[in-house]
Amino acid sequence: SAKREETEHYVELLDAGETSFLPAGSFAILAYAQTIYLLPIGLFGMSVSVVELTRMSQELVGEAGGSNERIIARLNRAQRQILFFVVPTAVVFLVLGSEVISALYQTGRFSAADTHWVWLTLAALTVGLTASTLGRLYASVFYSLHDSKTPLRFALIRVACSTAAGYLA
């Protein structure tokens, strides 16, 4: 768990480093959008992933008479649980994201223009919401297999791809 948190911390730092090349205010826009974006990941992805990490680890050490078929069945069930909540959340972010952001943030110096930019950023982030949330579950599978290197490799690939896409954009 400590290794997992450390890996995620480094990935977040690299993501934040990408915004240092953007105009003033870009980091704040990303921070506002990311606060909303991370909510379903924490509520649905992380909660299911933590429970499944424990259950899959038990399956693998034989406490529950584990087999590959049972691990795959647990993975499939967990995917359905996560998608049941994340897909509607993604639709809300895309369709009603502006209203959600306005209700949460639009007071004082946070203007309608700020709401618009945060919503555009949230919409762009939402494209990867399902993959990001399921990625937490897949990482749990690897951690239950005592493989912490594979999730790190995929995190580094994700950062490299997002850096390249950010540079091109």
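Notes on the structure in this doc start here.

The rules behind the values
- All residue numbers refer to positions counted from 1 along the written sequence of the respective chain.
- The predicted nature of this model means local features are confined to residues of pLDDT at least 70 and side-chain atom pairs, given and counted, to a pLDDT of 80 or more, with totals for whole chains, interfaces and linings taken over all residues.
- As a convention, hydrogens and water are excluded, and side-chain values are obtained from all of the structure's heavy atoms.
- Secondary structure is summarised from DSSP: a helix means a run of H or I of at least four residues, a strand means a run of E of at least two, and numbering begins at the N terminus for each.
- Whenever two N or O atoms come within 3.5 Å, that pair is a polar contact, provided that in protein one can donate a hydrogen and the other can accept it, and provided that, for residues adjacent in sequence, both atoms are side-chain atoms.
- Every residue pair with non-hydrogen atoms within 4.5 Å of one another is taken to be in contact.
- Whenever Lys or Arg places a side-chain nitrogen within 4 Å of a carboxyl oxygen from Asp or Glu, that contact is recorded as a salt bridge.
- For this analysis, a nonpolar core means a set of buried residues of the types Ala, Val, Leu, Ile, Met, Phe, Trp, Tyr and Cys, connected via side-chain atoms within 4.5 Å.
- The rule is simple: take the accessible area with a 1.4 Å probe, protein chains only, and divide by the maximum for that residue type; under 20% is buried, over 50% is exposed, in between is partly exposed.
- Think of each axis as a best-fit line through the C-alpha atoms, taken over the contacting stretch in the case of a helix, with angles from 0 to 180 degrees between the N-to-C directions.
- Relative orientations are named as follows: roughly parallel for angles under 35 degrees, roughly antiparallel for angles over 145 degrees, roughly perpendicular for angles from 65 to 115 degrees, and oblique for any other angle.
- In this scheme the crossing of two helices becomes right-handed for a clockwise turn of the near helix relative to the far one and left-handed for an anticlockwise turn of less than a right angle.
- Side-chain classes follow a simple rule in which Ala, Val, Leu, Ile, Met, Phe, Trp, Tyr, Cys and Pro form the nonpolar group, Asp, Glu, Lys and Arg form the charged group, and the remainder, Gly included, forms the polar group.
- A helix is expected to span 1.5 Å for every residue after the first.
- Relevant arc is that of directions from the helix axis to the C-beta atoms, nothing else.
- Aromatic rings from Phe, Tyr and Trp, taking only the six-membered ring of Trp, are treated as a pair when their centres fall within 6.5 Å; an angle between ring planes under 30 degrees marks them as stacked, one over 60 as edge-to-face, and anything in between as tilted.

Looking at the side chain of S132
Phase 1: Note on placement: S132 falls in helix α5 (residues 129–144).
Phase 2: A distance of 3.4 Å separates the side chain of S132 from the side chain of Y37, its partner in a polar contact.
Phase 3: With sequence-adjacent residues up to four places away left out, S132 is seen in contact with Y37 and I41.

Quick word on the pattern of salt bridges
Phase 1: Scanning the entire structure with this criterion turns up two salt bridges.
Phase 2: Where R74 meets E52, a salt bridge forms, and the shortest distance between an N and an O atom there is 2.9 Å. Taken as a pair, R74 in helix α3 (residues 68–105) and E52 in helix α2 (residues 26–61) lie far apart in primary sequence, 22 residues in all.
Phase 3: As a salt-bridge pair, E52 and R77 come within 3.2 Å of each other at their nearest N and O atoms. Here R77 lies in helix α3 and E52 lies in helix α2, a separation of 25 residues in the sequence.
Phase 4: Each of E52, R74 and R77 takes part in one network of salt bridges that share partners.

Focus: the nonpolar core
Phase 1: Counting residues in each nonpolar core, the largest one holds 23 residues, and the members touching the most others are I36, I82, I101, L122 and L129.
Phase 2: Looking at this core, the elements that each hand over two or more residues are α2, α3, α4 (112–126) and α5.
Phase 3: Ranked by residues supplied to this core, first place goes to α3 with nine residues.
Phase 4: Ignoring sequence-local partners within four residues, the contact set of L122 consists of A33, I36, Y37, F93 and I101.

Overview of the packing of α2 against α5
Phase 1: Two numbers describe how α2 lies on α5: the axes approach to 8 Å, and their chain directions differ by 20 degrees. With respect to α5, the axis of α2 lies roughly parallel. The hand of the α2/α5 crossing is right-handed. Along the contact surface, α2 presents Y37, P40, I41, G45, M46, S49, E52, L53, M56, S57 and L60, while α5 presents L129, S132, T133, R136, L137, S140, V141, Y143 and S144.
Phase 2: Taken together, the residues of the contact of α2 with α5 sort by class into eleven nonpolar, seven polar and two charged.

Let's talk about α4
Phase 1: In a regular helix each residue adds 1.5 Å, so 15 residues correspond to 21 Å; α4 covers 20 Å between its end C-alpha atoms and thus fits that length.
Phase 2: Among all positions of α4, only T115, V118, L122, A123 and T126 are buried. Down the axis of α4, the buried side of the element spans an arc of 145 degrees, and every buried residue falls inside it. Opposite the buried face of α4, at more than 90 degrees from it, the exposed residues are W117 and A124.
Phase 3: Contact partners of the buried residues in α4: α2, α3 and α5.
Phase 4: In this structure S111 caps α4, since a side-chain oxygen of it lies 3.3 Å from the backbone nitrogen of A113.

Details of the packing of aromatic side chains
Phase 1: Under the criterion given, the structure shown has five aromatic pairs.
Phase 2: Here the aromatic rings of Y105 and F110 are separated by 5.6 Å at their centres, their planes lie at 40 degrees, and the arrangement is tilted. Per residue, the accessibility class of Y105 equals that of F110, and both read buried.
Phase 3: In this structure an aromatic cluster arises from ring pairing among Y32, Y105 and F110.

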